[in-house]
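What the coordinates show
Residues per chain are reported as follows:
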Amino acid sequence: MSSARVLVIEHQKNAGLGQLSDRLIENGLTLETVGPDAGAPVPESLDGYDALIVLGGAMGPTEDDNAPWLPATRKLLVDGVELGVPTLGICLGAQLLATATGGHVRTMPQGPEVGLYDVDFTSTAAGDPLFGGLAETSVPAVQWHWLEADRLPDGAQVLASSPACRNQAFRVGAAAWGVQFHPEALGATAQDWVDEDRESLDELGLEEAAVVGDVRAAEPRLGAVWLPIADRFSEIAKLTAAEAA
C-alpha cells in the first residue's frame, strides 16, 4: 500500500483528529502529531511531509502570546499553499489559513454556532478535488466556533456556507482547504468541549444534554458524510507523495 507522511498540528489534547484518525491510518497515511500537548514542537518547514492538517482550538488565530506556536503554524500554512502541499485546516485551522494568506477573521455578528448544524455545499464545489462529491447537498456537521473568516484571501473559492457563516468551507490555491466545522467530531468530542466550557453553553441558553445528544444521534450520518472525505484527502496526499518520489 502506498503511503504519505502527514504533519498534524494539534493545539490542545481534546481537539484531535477524532473519527478521521483511524481512517487516515487505514488508508496508509503516517500521521506525525506536533503541538504543546503532543510534546513536539511545530517544525520550521514542510520538508519531508506530503500533507498538512491543522486542527481546532480555543484560541484565536492571532493570539500568539497565549499560543506561541501560532506564527510557525501560519508560516507552514503559507508554505503549504505556495508549494501545493495538500492542506486541511479545521475550525481554528481554517481561520489560521485565512489569516496567513491575506484574509480576515472576526467575531461572528449573529453569535456562535455550537452543536449540530447543516452545511450547504454550493454548485461551484462540483469541480473541487476534495469536496466535489458534496456539491449541491446539505449535510450535518459539528460546529463549535465564535469566530469566522469573514474575508477570504484573493482567489479563494467558497465551497460551502451556512446561514450564520458564509465561508464554511473554502479552498486557497490548488490544494489547501479550510473548513469552519468539525468533520472529525462525534459525541465524545462534543462532551469534552462542553466539559471544558459549560459557562459559555449557559450564556447561550443551551442545554448540555440536548447539544451532546443531537451529535450522538447523528453519528452514523456524520461518519457517512465525513469519512469519505478522509478517504479522498488520503488519495490526494498519496498522489502527492508518489509524484515527489
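Look above for the structure.
Throughout what follows, the structure given in this document is the object of discussion. (Residues numbered from 1 in each chain as written. Predicted model: local features only at pLDDT ≥ 70, side-chain atom pairs only at ≥ 80, totals over all residues. Heavy atoms only, no water.)

This paragraph deals with empty space enclosed by the protein. Scanning the entire structure with this criterion turns up 1 cavity of 30 Å³ or more. As for the largest cavity, its lining consists of 13 residues, of which Leu-20, Leu-88, Pro-183, Ile-229 and Ala-230 are closest to the centre. Top element by residues in the lining of the largest cavity is helix α7 (residues 219–244). It accounts for 4 residues. (1 Å grid on protein atoms, 1.4 Å probe; cavity = no way out; pocket = protein on both sides within 12 Å on 5 of 7 lines; lining within 4 Å. Points joined across faces, edges and corners; volume = space filled by probe spheres on them. Helix = DSSP H or I, 4+ residues; strand = E, 2+ residues; numbered from the N terminus.)

This next bit is on helix α2 (residues 70–83). Because the α-helix completes a turn every 3.6 residues, residues three or four places apart line up on one side. With 14 residues, α2 should reach 20 Å at 1.5 Å per residue; the first-to-last C-alpha distance of 20 Å fits that figure. For α2, the full list of buried residues reads Leu-70, Thr-73, Arg-74, Leu-76, Leu-77, Asp-79 and Gly-80. In this fold, the buried residues of α2 make contact with β1 (4–9), β3 (51–54), β4 (87–90) and α3 (92–100). The positive-phi residue at the C-terminal boundary of α2 is Gly-84, with phi of around 75 degrees. (Expected span 1.5 Å × (residues − 1). Buried < 20%, exposed > 50% of the residue type's maximum accessible area, 1.4 Å probe, protein only. Contact = heavy atoms within 4.5 Å.)

All right, on to unusual backbone geometry then. Residue Cys-91 is not a glycine yet carries a positive backbone phi of 55 degrees. The residue Cys-91 is located in the loop between β4 and α3 in this model. Backbone geometry at Glu-136 places phi at a positive 60 degrees, although glycine is not the residue there. Summarising the element assignment, Glu-136 is placed in the loop between β6 (113–121) and β7 (138–145).

Within the largest apolar cluster, 52 residues are counted, with the highest numbers of intra-cluster contacts made by Ile-53, Phe-121, Phe-131, Trp-144 and Trp-226. For this core, the element with the highest residue contribution is α7, accounting for 10 residues. The next biggest cluster of nonpolar side chains, apart from the first, holds 27 residues, and it includes Leu-7, Ile-9, Leu-92 and Leu-96. (Core = buried A, V, L, I, M, F, W, Y, C linked by side-chain atoms within 4.5 Å.)

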